[in-house]
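What the coordinates show
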Amino acid sequence: MDETTLPLTELLATDLDDGFTELVRTQAGTVRSVLLRLSGSARDADDLGQETFLRAYSALRDYPPERRGQLQPRAWLLTIAANVWRNHVRTLSRRPGVADGIEVTAIEVPDGSPGPEQLALDGARRARLVAALSGLPDHHRLPVVLRHIGELSYQEVAGILDCPVGTVKAQVSRGLAALRTEPGLAADRTTYGAAGAAGAAGAAGAAGATAGGTTAKTAHDAARKERKEATG
């Protein structure tokens with residue numbers, strides 16, 4: 001970072017538009033990864049990500065500079081994203097006949113040094129993980145994703161879920177234990193090291209972030225449009 005560049009929270013406090021642009025640039029990939037693993041759908045992840053940043057901008061516009069300067073950007077944004085996803089789930093539950101399909105083809109493998117065979121294996125593992133995450137009950141899936149894909153602390157996850165830290169640790173532990181019992185993932189435990197399913201979740205989260213640039217641009221354009229409409 002250039003020495004003249006302000007930290008994100010200070011930029012948000014002093015210049016909301018520039019601060020929001022930086023917020024989208026630095027956090028869109030994480031937001032999309034979390035929403036992709038929660039929803040299992042690239043299309044839903046993009047739509048929910050855009051909604052997350054629109055809500056974030058609306059909230060920031062109403063915050064005084066002091067409050068914007070005290071934010072923990074990632075935890076704050078993922079709180080909004082979790083609420084957006086939960087609202088989405090509630091909406092789907094009221095629509096009979098809506099399939100909750102998992103788009104395995106949405107798991108992208110970034111270009112790199114591994115050869116075609118390794119890439120195929122990695123893609124298959126991520127596909128198995130997405131399917132397994134989808135099978136977890138919401139009260140296990142959300143804390144697992146926030147902890148191991150959102151990379152939040154247990155304390156931050158507890159704040160988002162409004163429950164004790166001990167409860168979050170138990171939910172994450174049970175969620176990971178359930179993932180390890182999945183036939184397709186159990187064989188990968190040594191591949192992903194001591195963290196087992198947690199390591200697999202982190203690897204899949206990194207893959208989901210590769211499409212974050214599109215989400216970032218879409219969210220930023222939508223917020224810019226809202227700014228113009230608000231200012232006339």
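Calculation notes
- Residues numbered from 1 in each chain as written.
- Predicted model: local features only at pLDDT ≥ 70, side-chain atom pairs only at ≥ 80, totals over all residues.
- Heavy atoms only, no water.
- Salt bridge = Lys/Arg side-chain N within 4 Å of Asp/Glu carboxyl O.
- Helix = DSSP H or I, 4+ residues; strand = E, 2+ residues; numbered from the N terminus.
- Buried < 20%, exposed > 50% of the residue type's maximum accessible area, 1.4 Å probe, protein only.
- pLDDT = per-residue confidence, 0-100.
- Contact = heavy atoms within 4.5 Å.
- Core = buried A, V, L, I, M, F, W, Y, C linked by side-chain atoms within 4.5 Å.

1. Considerations on the pattern of salt bridges
- Across all of its chains, the model carries five salt bridges by this definition.
- For the salt bridge of Asp46 with Arg32, the shortest nitrogen-to-oxygen distance reads 2.8 Å. Taken together, the positions of Asp46 in helix H3 (residues 42–62) and Arg32 in helix H2 (residues 16–39) put the pair 14 residues apart, joining distant regions of the chain.
- Look at Asp46 and you get partly exposed, because its relative accessible area is 26%.
- What makes Arg32 buried here is its relative accessible area of 4%.
- In this structure, the salt-bridge partner of Glu151 is Arg74, at a minimum N-O distance of 3.4 Å. Of this pair, Glu151 sits in the loop between helix H7 (138–148) and helix H8 (154–161) while Arg74 sits in helix H5 (residues 73–93), and the two are 77 residues apart along the sequence.
- Overall, Glu151 belongs to the exposed group, its relative accessible area being 57%.
- Judged by its relative accessible area of 27%, Arg74 is partly exposed.

2. Some details on the confidence of the model for the protein chain
- Per-residue pLDDT for the protein chain has a mean of 76; in total, 62% of the residues score no lower than 70.
- The least confident element of the protein chain is helix H11 (residues 197–208), whose mean pLDDT is 53; the most confident is H3, at 96.
- Low confidence marks residues 97–121, where pLDDT is under 50. Its contacts with residues over four positions away, or in another chain, come to 30 contacts.

3. Some words on the nonpolar core
- By size, the foremost hydrophobic cluster in this structure holds 49 residues, and its most contacted members are Leu60, Trp76, Leu78, Leu146 and Leu179.
- At the level of secondary structure, the elements contributing two or more residues to this core comprise helix H1 (8–14), H2, H3, H5, helix H6 (116–135), H7, H8 and helix H9 (165–180).
- Looking at this core, the element that brings in the most residues is H2, giving ten residues.
- Dropping the residues within four chain positions of it, Leu78 is found in contact with Thr30, Val31, Val34, Leu146, Gly150, Leu152 and Ile160.

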